[in-house]
Amino acid sequence: DAGVTQSPTHLIKTRGQHVTLRCSPISGHKSVSWYQQVLGQGPQFIFQYYEKEERGRGNFPDRFSARQFPNYSSELNVNALLLGDSALYLCASSLEAGQLGPQHFGDGTRLSIL
Amino acid sequence: LAKTTQPISMDSYEGQEVNITCSHNNIATNDYITWYQQFPSQGPRFIIQGYKTKVTNEVASLFIPADRKSSTLSLPRVSLSDTAVYYCLVGGWGTASKLTFGTGTRLQVTL
């Protein structure tokens, strides 16, 4: 079975631009979460979606938004990019959102802002 | 918001048992403790999860004292391939909960 897939794997943008990152969860998983991992630090929680509804939001500005589609795939959108948005963006899927179970992570999208 | 603290790094020889402790003094009643392993350029990989006492699976054990203010991940007989960063995650789902990864412990295993 395919694991969590993320696209693109690498992306270079300039300040002020907009970016969309995509995630396909493991088949049968209804919950998708997004994390930002800055070099040398642990992943920081951005959003969790379950059954197309937002179930959790971390301490990120409104420039960050996300959505989940009927097939449970998800997009993370970031507007007005800043240099500090350079990071590895990780997507994780899990079966449910009601209880914290094992999350299955993709290998991320490396976003570089010039 | 449950904050976690882990040692920044640990060194071990191959074949030894490694214990990594995570402190989470303000853990909430409905929070679980989960440990992940991460290799460079890869996403974290689930190792083990627990709520209280002891949990064991085929790769690790997790010890949680009664007050749940800390937890210890135990890796038996580590090998070179266990060299990675290990994260302690405390949280639960719900509108009042936030998921918090620890600072991570960089484990270096040598011969």
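Novice: How should the overall build of chain B be read in this particular structure?
Specialist: Along the backbone of chain B there are 0 helices and 10 strands. For chain B, the succession of helices and strands along the chain, N to C, is β-β-β-β-β-β-β-β-β-β. Relative to the 2.2 N^0.38 estimate, which gives 13 Å for 111 residues, the radius of gyration of chain B is 14 Å and therefore close to what a compact globule would have. Referenced to the eigenvectors of the C-alpha coordinate spread, the extents of chain B come out at roughly 45 × 30 × 20 Å. Relative to its full complement of 111 residues, chain B shows a buried share of 48%.

Novice: Hey, could you run me through the pattern of salt bridges in this one?
Specialist: For side chains of opposite charge, pairing can occur when their charged atoms come near one another. Residue and element names in this part refer to chain A. Per the stated rule, a full pass over the model turns up 6 salt bridges over all chains. In this structure, Lys52 engages Glu51 in a salt bridge whose closest nitrogen and oxygen atoms are separated by 3.9 Å. With a relative accessible area of 38%, Lys52 lands in the partly exposed category. On the accessibility criterion, Glu51 (28% relative accessible area) is partly exposed. When the shortest N-O distance is used, the salt bridge between Arg63 and Asp85 registers 2.8 Å. Here the residue Arg63 occupies a position in the loop between strand S6 (53-57) and strand S7 (64-68), and Asp85 occupies one in the loop between strand S8 (74-78) and strand S9 (87-94), the gap between them amounting to 22 residues. With a relative accessible area of 19%, Arg63 lands in the buried category. A relative accessible area of 4% places Asp85 in the buried class. Through salt bridges with shared partners, one network takes in Arg22, Arg67 and Glu75.

Novice: Is there a simple way to explain unusual backbone geometry in this structure?
Specialist: In most cases, non-glycine residues show a negative phi, while peptide bonds are predominantly trans. With omega at -10 degrees, the peptide bond leading from Ser7(A) into Pro8(A) counts as cis. We note that Lys52(A) has phi near 70 degrees; this positive angle belongs to a residue other than glycine. Within the chain, Ser41(B) stands out as a residue other than glycine whose phi angle is a positive 65 degrees. Residue placement: Ser41(B) occurs in the loop between strand S3 (32-38) and strand S4 (45-50).

Novice: Just checking my understanding: could you explain the state of the cysteines for this structure?
Specialist: Note on terminology: disulfide describes a covalent bond linking the sulfur atoms of two cysteines. By the definition in use, this model includes 2 disulfides over all chains. Note on cysteine connectivity: Cys23(A) is disulfide-linked to Cys91(A), with sulfurs 1.8 Å apart. Across the S-S bond linking Cys23(A) and Cys91(A), the dihedral sits near -65 degrees, which makes this disulfide left-handed. Remark: Cys91(A) occurs in strand S9 and Cys23(A) occurs in strand S3 (residues 19-24); sequence separation between them is 68 residues. Across the disulfide from Cys22(B) sits Cys88(B); the S-S distance is 2.2 Å. Judged by the sign of its S-S torsion, about -80 degrees, the bond between Cys22(B) and Cys88(B) is left-handed. A residue pair is termed long-range when its members are at least 10 positions apart, and Cys22(B) in strand S2 (residues 18-23) and Cys88(B) in strand S8 (residues 84-91) qualify at 66 residues.

Novice: I keep staring at the nonpolar core and nothing clicks. Help me out?
Specialist: Residues Trp34(A), Ile46(A), Phe47(A), Phe64(A), Leu76(A) and Tyr89(A) are the most contacted members of the largest nonpolar core, which totals 21 residues. For Phe64(A), the residues in contact, after removing those within four places along its chain, are Gln36(A), Ile46(A), Phe47(A), Arg57(A), Asn77(A), Val78(A), Asp85(A) and Tyr89(A). One finds Ile27(B), Ile64(B), Leu73(B) and Val109(B) within the second-largest nonpolar core, a separate group that totals 20 residues.

Procedures and definitions
Residues numbered from 1 in each chain as written. Chains lettered and ligands numbered in written order. Predicted model: local features only at pLDDT ≥ 70, side-chain atom pairs only at ≥ 80, totals over all residues. Heavy atoms only, no water. Helix = DSSP H or I, 4+ residues; strand = E, 2+ residues; numbered from the N terminus. Rg over C-alpha atoms; globule rule 2.2 N^0.38 Å. Buried < 20%, exposed > 50% of the residue type's maximum accessible area, 1.4 Å probe, protein only. Salt bridge = Lys/Arg side-chain N within 4 Å of Asp/Glu carboxyl O. Disulfide = S-S within 2.5 Å. Core = buried A, V, L, I, M, F, W, Y, C linked by side-chain atoms within 4.5 Å. Contact = heavy atoms within 4.5 Å.

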